[in-house]
Amino acid sequence: MSVRRLVGHEMRALHSLGLWVLRRRHAVPEGALAVPYTGPQTAMMYGLLFVSLVETVMLALLVPWPVVHGVLLVLDVYGVVFVLALHASCVTRPHVVDADGALRIRYGGRFDLRIPADAVTGARVERRFPEGGPLLLGADGVLDLVVGGQTTVTVELAGPVEFVRPLGKRGRARAVRFHADDPGAAVAALTRGRRAPSPNQDPPGPA
């Protein structure tokens, strides 16, 4: 199951590379706000890409055996493509705030959490620097989706929501913190969505 999920992550990343080349985004409906989150990791990604390219060139110059050279070249080229695809998946799959205030939190093709509008009770800009991996569930039930060592938006929920980790393990969170490059815009969109009247709600009558 884990192997199948890893293969799926890679396929989505490669698909995102094509979207990136075409300057398209994945599943951002009309009227919704796309919330980019790649700012803190962009320099690191391009640094990894530069190191991979330098390694490829150095091995091409230093390895004298054709077979070994060929194998290493294939691995290095795949490494370069994988780094580009991982970054592309994050660029083309931003967080999304729908017009009604529903929230979709993503990290490339590896993590995807949809939160209905009526489950969001509050949102605020709050910069935090959690210690640990990119996906953390605290003992208090708060889920941190960390990018570049930080989160910038805190979302309070009406009740626990279920999420799926990249390798398939499930968890439940009572609040979510994530990074947005423009946290103010994300919070404003979430607030507008919660205050907007429901499409099924009757308009107020005359005073």
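Read on for an overview of the structure. (Residues numbered from 1 in each chain as written. Predicted model: local features only at pLDDT ≥ 70, side-chain atom pairs only at ≥ 80, totals over all residues. Heavy atoms only, no water.)

Another aspect to go through is the packing of aromatic side chains. Enumeration according to the criterion identifies three aromatic pairs in this entry. On the numbers, 6.3 Å between centres and 25° between planes, the contact of Tyr78 with Phe82 is stacked. Taken as a pair, Tyr78 and Phe82 lie in helix H3 (residues 66-92) at a separation of four residues, close to a single helical turn. (Phe/Tyr/Trp six-rings, centres within 6.5 Å; stacked < 30°, edge-to-face > 60°. Helix = DSSP H or I, 4+ residues; strand = E, 2+ residues; numbered from the N terminus.)

Before going further, it helps to spend a moment on a nonpolar patch on the surface. On the surface, a cluster of nonpolar side chains totalling about 710 Å² of accessible area is made up of Phe50, Val51, Val54, Val57, Met58, Leu61 and Leu62. Along the chain, Val54 falls in helix H2 (residues 39-62). Judged by relative accessible area, Val54 falls into the partly exposed class, the value being 35%. (Patch = residues over 30% accessible without salt bridge, like charges linked within 9 Å, V, L, I, M, F, W, Y side chains within 5 Å. Areas by Shrake-Rupley, 256 points an atom, 1.4 Å probe, with all protein chains shown as cover. Salt bridge = Lys/Arg side-chain N within 4 Å of Asp/Glu carboxyl O. Buried < 20%, exposed > 50% of the residue type's maximum accessible area, 1.4 Å probe, protein only.)

With that settled, the discussion passes to the side chain of His9. Considering the arrangement of structural elements, one finds His9 in helix H1 (residues 2-21). Take His9: its relative accessible area is 6%, and that puts it in the buried class. A polar contact is formed between the side chain of His9 and the backbone oxygen of Pro166, at a distance of 2.8 Å. Residues within four places of His9 in sequence aside, it is in contact with Gly109, Arg110 and Pro166. (Polar contact = N/O pair within 3.5 Å; in protein donor to acceptor, adjacent residues only side chain to side chain. Contact = heavy atoms within 4.5 Å.)

On to the sheet that holds strand S9 (residues 170-178). One open sheet holds the five strands; their spatial order is S5-S8-S9-S7-S6, and the pairing between them is mixed. Edge positions in the sheet fall to strand S5 (120-128) and strand S6 (135-137), since each of these pairs with one other strand and no more. Sheet twist, expressed as the mean angle between neighbouring strand axes with direction ignored, is 35°. Direction of pairing for S5 relative to strand S8 (residues 151-164): antiparallel, over a ladder of six bridges. (Pairing = 2+ DSSP bridges. Axes fitted to C-alpha atoms, helices over the stretch in contact; angles between N-to-C directions.)

Another aspect to go through is the packing of H2 against H3. Where H2 contacts H3, the two axes come as close as 10 Å, and the packing angle between them is 170°. Considering their axes alone, H2 and H3 lie roughly antiparallel with respect to each other. Counting all contacts with H2, which are made through Gln41, Thr42, Met45, Tyr46, Leu48, Leu49, Ser52, Leu53, Glu55, Thr56, Leu59 and Ala60, the residues of H3 involved are His69, Leu72, Leu73, Asp76, Val80, Val83, Leu84, Leu86, His87 and Cys90. Grouping the amino acids of the contact of H2 with H3 by side-chain chemistry returns 14 nonpolar, six polar and two charged. (Parallel < 35°, antiparallel > 145°, perpendicular 65-115°, else oblique. Nonpolar A, V, L, I, M, F, W, Y, C, P; charged D, E, K, R; others polar.)

As a further point, take the sheet that holds strand S1 (residues 33-35). Sheet architecture is open: four strands sit in the order S1-S2-S3-S4, paired in antiparallel fashion. Single-partner strands in this sheet number two, and they are S1 and strand S4 (111-115). Across the sheet, the axes of successive neighbouring strands diverge by a mean angle of 15°, strand direction being ignored. Pairing of S1 with strand S2 (residues 95-97), which is carried by three bridges, proceeds in the antiparallel orientation. Bridge pairing links Leu33 to Val97 in S2.

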